[in-house]
Amino acid sequence: MGNNQQPYVYVPGSLYDTRNEMKSFTESLFRLNQLIHMRLEAGYIRHERMNEWVVLGRWVTDSCGNFGKISGDFIPAEKIPDLPPIMTMGELWAQIKFAGLDPDRCNLQWGMNSEVPPENIVCPECGKPWTIYDCHDTVVRRHADVWEHYHHTCNRAKVSRVAQAEFAKVFEDAGYGKVLLTAVPNQYCQCDYCAPWFEIQTAAGEIVIGWRKRVINIQVSVGFRVGLEALFADEDVTKGRNYIHAWGYDKATEYLRIIKRSSVRIP
Ligand SMILES: [Zn+2]
Ligand SMILES: [Zn+2]
């Protein structure tokens with residue numbers, strides 16, 4: 001990484017830091033990746049000081065080599081049509097005003113990473129590669145030391161399928177047989193990495209199950225005869241009349257087995 005004490009240098013007219021040259025890097029995914037790498041090298045290895053640019057209305061380059069993807073509710077390319085591919089921050093704010101948007105409600109935020117996929121990979125879920133037109137549509141996941149890129153909808157499908165299979169097994173192991181799991185919104189976190197929750201109809205009533213940080217939240221409908229607080233009096237975990245938090249799949253299986261045994265309705 002070189003010497004951190006080395007002063008920053010400004011190299012005027014460089015390929016990767018002037019408007020017209022940069023524009024030509026936005027014409028293909030291959031070129032965009034080149035631009036990202038060139039700026040990274042310039043900033044982190046040669047300690048060049050660069051300009052801040054807004055690229056394709058979806059990324060912000062900073063002065064030291066990062067190429068950050070804009071996230072959150074306000075993504076300029078999605079709110080303002082026909083933005084110039086390369087803009088200064090000042091020019092973006094002028095465009096925002098020109099488009100009649102309230103600048104106070106355009107909360108611009110971006111991270112350190114571009115999350116742009118390499119041009120030669122495919123999404124593991126659908127098998128399709130990316131192009132310059134959809135290379136912002138990525139969720140990056142770490143899988144055994146490798147970074148994997150997925151399309152947003154593909155990531156959702158995978159996360160949901162994996163969780164569904166795991167919870168189906170929990171119910172089966174707990175003696176419920178093969179149950180139908182209906183995905184419902186995760187009531188705790190709606191980020192890209194968190195799985196949905198699932199609703200299951202059992203003979204005794206409805207159960208909702210899903211991850212909540214590091215515990216599995218098990219929620220029973222009010223129709224259940226026994227309160228979980230009383231049923232699990234000896235378990236030192238967060239619980240209430242209609243819910244209990246299980247530390248992992250084994251505990252969830254154990255709790256569901258006990259719930260099943262205790263909730264048989266009196267005819
Ligand atoms: Zn995909
Ligand atoms: Zn989350």
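A. Spotlight on the nonpolar core. Of all hydrophobic cores here, the largest spans 24 residues; its most connected members are Phe167, Ile209, Ile218, Ala252, Tyr255 and Leu256. Sorting the residues of this core by element identifies α5 (152–173), β9 (197–202), β10 (205–212), β11 (215–220), α6 (228–231), β12 (243–246) and α7 (249–262) as the ones contributing at least two each. Leucine 256 has contacts with Val170, Phe171, Ala174 and Ile218, leaving out every residue within four places of it along the chain. One finds Tyr16, Met22, Leu32 and Trp59 within the second-largest nonpolar core, a separate group that totals 23 residues.

B. Structural context of α7. With 14 residues, α7 should cover 20 Å at 1.5 Å per step; its first-to-last C-alpha distance of 20 Å lies within 8% of that length. Those residues of α7 lying buried are Ala252, Tyr255, Leu256 and Ile259. The buried side chains of α7 occupy one side of the element, clustering within an arc of 100° when seen end-on.

C. Region of interest: the packing of α5 against α7. α7 packs onto α5 with a crossing angle of 45° between their chain directions and a minimal axis gap of 8 Å. Considered as vectors, α5 and α7 are oriented oblique to each other. Like other packed secondary-structure pairs, α5 and α7 cross with a definite hand, here right-handed. Here α5 contributes Glu166, Val170, Phe171 and Asp173 to the contact with α7, which in turn contributes Tyr249, Ala252, Thr253 and Leu256. Residue composition of the contact of α5 with α7, grouped by class: five nonpolar, one polar and two charged.

D. Expanded view of the sheet that holds strand β2 (residues 59–61). With antiparallel pairing, five strands are arranged side by side in an open sheet as β4-β1-β2-β3-β5. Of all strands in the sheet, those with a lone pairing partner are β4 (86–87) and β5 (109–110), marking the two edges. Where strand β1 (residues 53–55) and β2 come together, three bridges link them in antiparallel fashion. Residue pairing across strands places tryptophan 53 opposite threonine 61, the latter belonging to β2.

E. Structural view of the pairing of β12. Of the two faces of β12, only the one carrying Ile244 and Ala246 is buried; Tyr243 and His245 on the other face are not. As paired strands, β11 and β12 are joined by four bridges and run antiparallel to one another. In the strand pairing of β12, isoleucine 216 is matched with alanine 246.

F. Up close: α5. A rise of 1.5 Å per residue sets the reference length of α5, with its 22 residues, at 32 Å; its end C-alpha atoms lie 32 Å apart and thus fit the reference within 8%. For α5, the set of buried residues is Asn155, Ala163, Phe167, Val170 and Phe171. In an axial view of α5, the angular spread of the buried residues amounts to 125°, which keeps them on one side of the axis. Of the residues in α5, the exposed ones pointing more than 90 degrees away from the buried face are Val162, Ala165 and Lys169. Those residues of α5 that are buried lie in contact with β6 (139–143), β7 (146–150), β9, β10 and α7.

G. Spatial organisation of the domain arrangement of the protein chain. For the protein chain, the domain assignment lists domain 1 (15–114) and domain 2 (159–262). Using C-alpha coordinates to define each centre, domain 1 is positioned 44 Å away from domain 2.

H. Just the sheet that holds β10, in detail. With respect to topology, five strands assemble into an open sheet ordered β8-β9-β10-β11-β12, the strand pairing being antiparallel. The sheet is open, and its two borders are formed by β8 (182–184) and β12, each paired with just one other strand. Between one strand axis and the next, the sheet turns through 25° on average, direction left out of account. Sitting on the sheet, α7 touches β11 and β12, and the angle it makes with β11 is about 15°.

I. Quick look at unusual backbone geometry. Backbone geometry at aspartate 82 places phi at a positive 60°, although glycine is not the residue there. Along the polypeptide, aspartate 82 turns up in the loop between α3 (76–79) and β4. By the C-beta count within 10 Å, which is 8 here, aspartate 82 ends up exposed. Of note, lysine 213 is a non-glycine position whose phi angle comes to about 55°, a positive value.

Quick notes on the rules
Residues numbered from 1 in each chain as written. Chains lettered and ligands numbered in written order. Predicted model: local features only at pLDDT ≥ 70, side-chain atom pairs only at ≥ 80, totals over all residues. Core = buried A, V, L, I, M, F, W, Y, C linked by C-beta atoms within 7 Å. Buried ≥ 20, exposed ≤ 12 C-beta atoms within 10 Å, placed from the backbone. Helix = DSSP H or I, 4+ residues; strand = E, 2+ residues; numbered from the N terminus. Contact = placed C-beta atoms within 7 Å. Expected span 1.5 Å × (residues − 1). Arc of directions from axis to C-beta. Axes fitted to C-alpha atoms, helices over the stretch in contact; angles between N-to-C directions. Parallel < 35°, antiparallel > 145°, perpendicular 65-115°, else oblique. Left-handed = near helix turned anticlockwise from the far one by under 90°. Nonpolar A, V, L, I, M, F, W, Y, C, P; charged D, E, K, R; others polar. Pairing = 2+ DSSP bridges. Domains from an automatic or database assignment.

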